[in-house]
Amino acid sequence: MEKLFYPNREEAKKARIRNICEYQELVEEAKEDYEGYWGRLAEEKIDWFEPFDQVLDESNPPFYKWFIGGKLNVSYQCIDRHLESRKNKAAIIFEGELGDKRVITYRELYYEVNRTANLLKNRFGISKGDRVVIYMPMIPETTFMMLACARIGAIHSVVFGGFSADALRDRIEDAQAKLVITADGAYRRGKPYMLKPIVDEALSKGCESVEKVLIVERNGEEIEYIEGRDYLYNELVKQESPICEPEIMDSEDPLFLLYTSGSTGKPKGVQHSQAGYILHAMVTMEMVFDIRENDTYWCTADVGWITGHTYIVYGPLAVGATTIIYEGVPVYPDAGRWWRMVEEYQVNQFYTAPTAIRLLHKTGIEEPKKYDLSSLRILGTVGEPINPDAWLWYYNEVGGGRCPIVDTWWQTETGGHMISPIPFATPIKPGSATNPLPGIMAEIVDEVGNRVPQGEKGFLCITKPWPSMIRTIWNDPERFKKSYFGDVTKDGKPIYFSGDGAIYDENGYIVITGRVDDVINVSGHRLGTAEIESAIGNHDNVAEVAVVGKPHQLKGESVFAYIVLKSEDSLGEDVELLKEINSIISKEIGAIAKCDEIMVVSGLPKTRSGKIMRRILRAIAKGEKINQDISTLENPAVVEEIEKKFQMK
Ligand code: PRX
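Residues numbered from 1 in each chain as written. Predicted model: local features only at pLDDT ≥ 70, side-chain atom pairs only at ≥ 80, totals over all residues. Heavy atoms only, no water.

Some remarks on the site of the ligand
Piece 1. Near the ligand you find 17 residues, and of these Asp407, Thr408, Thr412, Arg515 and Arg526 are the closest.
Piece 2. In this structure, an oxygen atom belonging to the ligand sits 2.7 Å away from a side-chain N or O atom of Arg526.
Piece 3. For the ligand, whose free accessible area comes to 550 Å², the fraction covered by protein is 95%.
Piece 4. When contributions to the shell around the ligand are tallied by element, the ones reaching two or more residues are α12 (306-318), β20 (405-408) and β26 (510-515).
Piece 5. Grouping the constituent residues of the shell around the ligand by class yields six nonpolar, six polar and five charged. (Near = heavy atom within 4 Å. Polar contact = N/O pair within 3.5 Å; in protein donor to acceptor, adjacent residues only side chain to side chain. Areas by Shrake-Rupley, 256 points an atom, 1.4 Å probe, with all protein chains shown as cover. Helix = DSSP H or I, 4+ residues; strand = E, 2+ residues; numbered from the N terminus. Nonpolar A, V, L, I, M, F, W, Y, C, P; charged D, E, K, R; others polar.)

Topic: the environment of Gly556
Piece 1. The residue Gly556 is located in strand β30 (residues 556-565) in this model.
Piece 2. For Gly556, a relative accessible area of 23% translates into the label partly exposed.
Piece 3. Spatially, the C-alpha atom of Gly556 lies 6.1 Å from that of Ser523, the residues being 33 residues apart in sequence.
Piece 4. Not counting residues within four places of it along the chain, the set of residues in contact with Gly556 comprises Arg358, Glu384, Asn521, Lys550 and Pro551. (Buried < 20%, exposed > 50% of the residue type's maximum accessible area, 1.4 Å probe, protein only. Contact = heavy atoms within 4.5 Å.)

Regarding helix α9 (residues 196-204)
Owing to its 3.6 residues per turn, the α-helix brings residues three or four apart onto one side.
Piece 1. Of the residues making up α9, those classed as buried are Lys196, Val199, Asp200, Ala202 and Leu203. Down the axis of α9, the smallest arc covering the buried residues is 165°, so these residues share one side.
Piece 2. Where α9 is buried, its residues meet β6 (131-135), α8 (165-175), β8 (179-183), β10 (191-194), β11 (212-216) and β12 (230-232).
Piece 3. Downstream of α9 by a residue or two, Gly206 has a phi angle that is positive, lying close to 140°. (Arc of directions from axis to C-beta.)

Observations regarding the pattern of salt bridges
Piece 1. In this structure the tally under the stated criterion is 53 salt bridges.
Piece 2. Ionic pairing is found between Glu22 and Arg18, a salt bridge with its closest N-O pair at 2.8 Å.
Piece 3. Residues Glu544 and Lys606 are paired through a salt bridge, measuring 2.6 Å at the closest nitrogen-oxygen approach. You can see Glu544 sitting in strand β29 (residues 542-552) and its partner Lys606 sitting in the loop between β31 (595-600) and α19 (614-621), a full 62 residues away along the chain.
Piece 4. Residue Glu544 is classed as partly exposed on the basis of its relative accessible area, which comes to 26%.
Piece 5. Overall, the relative accessible area of 16% leaves Lys606 in the buried class. (Salt bridge = Lys/Arg side-chain N within 4 Å of Asp/Glu carboxyl O.)

And the structure:
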């Protein structure tokens, strides 16, 4: 049995949840009276304009509603309500990659967000329900924009800055956004990079719904400026009033959309609600990060992903914490950058992705030793499974063997943490997210919905609706139902299927084994293989393609493509083909989805009905032996061919 790491007893005494019994009590409370548990938290945590009169409406599964009749405003929840007791407290500490710094207090945040909200409303005519696409770097203004949308009831859709013009256009068009907010660019690896030209390109290819573009000046590089369409934020915003009354929002009004990858080529606009989302963000800030009044909290994610939404912006601000925003990469100017910042800002909670830990472990194994990291109390990871090597280095060298690591499992669709250790209560071990949080009914089940026995692989499901769950896929409720809710039911209601495989280990802990669908996880970026396949299919000489994830030491998984060519004669070197393919992927999706390797094969393994057997291709890429009977395939010989080629690689 693998060793468990126990929380420090003295530290545990100061924590919100001090031991496993206190955790268990909450679990029991939620089990006994599910609605009572969530209703109690919603009453305690949210400053309601009008109270809700029903906790959960399950009358139309899987379209669940929470806190019916409640009225609130999420920007009020994140800012206004702190003004009395925290007006001069740092809400945001920003550090640019080149070392420039900015501290924004709650009072200043209030003014900035109100001015921005007024600008969106008055100058751009944005009102409740309008969609606003935010394509921004990691700077404080990105937060102002999100909160300003929340203030006036507009629905933001933040698009990660690493996406290409084509990907941006698809997301703008799907949401029918009225306004795009961007920046000239920012800094990365010590140099300016540009965003505005990518917006220009996206808009040149459609996006009829977009009326205006708002540009934040960050790096001062020259940009093209289209009169009547483009507006510069920095000057304009100063002219607006610092007071903007928050729009009264219903619990179930949409707060934001965030596009994520699924099994088909088209990204899904995951729609989140107001009250359920912000409640879960707050509850988990307290339970999982044990946030306290004087803490400085740092999540290194990009705001373009759900982690950035919930755990850089909404969660920390809703609980009145100090949140750090860092613009750049972890290895600029060297692999000690983050640890230097932890020392300088006396960071208490540090939350990052395994891929970053692996990178810093590899390129700067001695770096943590050079800094005083004694302020750290809790370390966190998210986004992918973490390997024991990286976990132990993080635990011992970064956390000094003192800090519990919360390995948090969740998804864009879940809105917030679902399975995670409670830092000072749960004994932890590398590679396990341990137990579901109180009030989260996560279970590993087989095909028919029965709980799997310990050690047996199954599907990770959530058997009851939870407050911060995805409400629907924007404009596509049928796809929402089909993607997450199959035929398996519990108490007559369909259960949520996460797309992940998992097992219960010898401690009864949940260990995530990875996706069981056609989604791969490259450096913590969630990518659909179908999206990449459709991009590669646009190469003139590609007849057929199947993309799978291949285990990768640093990135977790890398993109691996099996390719059948139209004409082998015109085949250049594989390297040339790889370059051409990657340039298409960069254009259609973004550099994050580039292939690491390709393999030209004479055919893809198919069933007699013509379905590509991806399971076989995935197994080969992972270096696993093929145990299943392949004789029933249409073309069993190609499996041997591919296996041989692999061995030669
Ligand atoms: O496969 C799981 C993996 O990331 C997927 C969700 O990706 P995304 O929606 O982009 O959200 C990432 C940040 C919340 C999951 O289906 N994943 C997430 N957290 C973990 C994880 N895999 C293993 N361990 C985790 N802690």
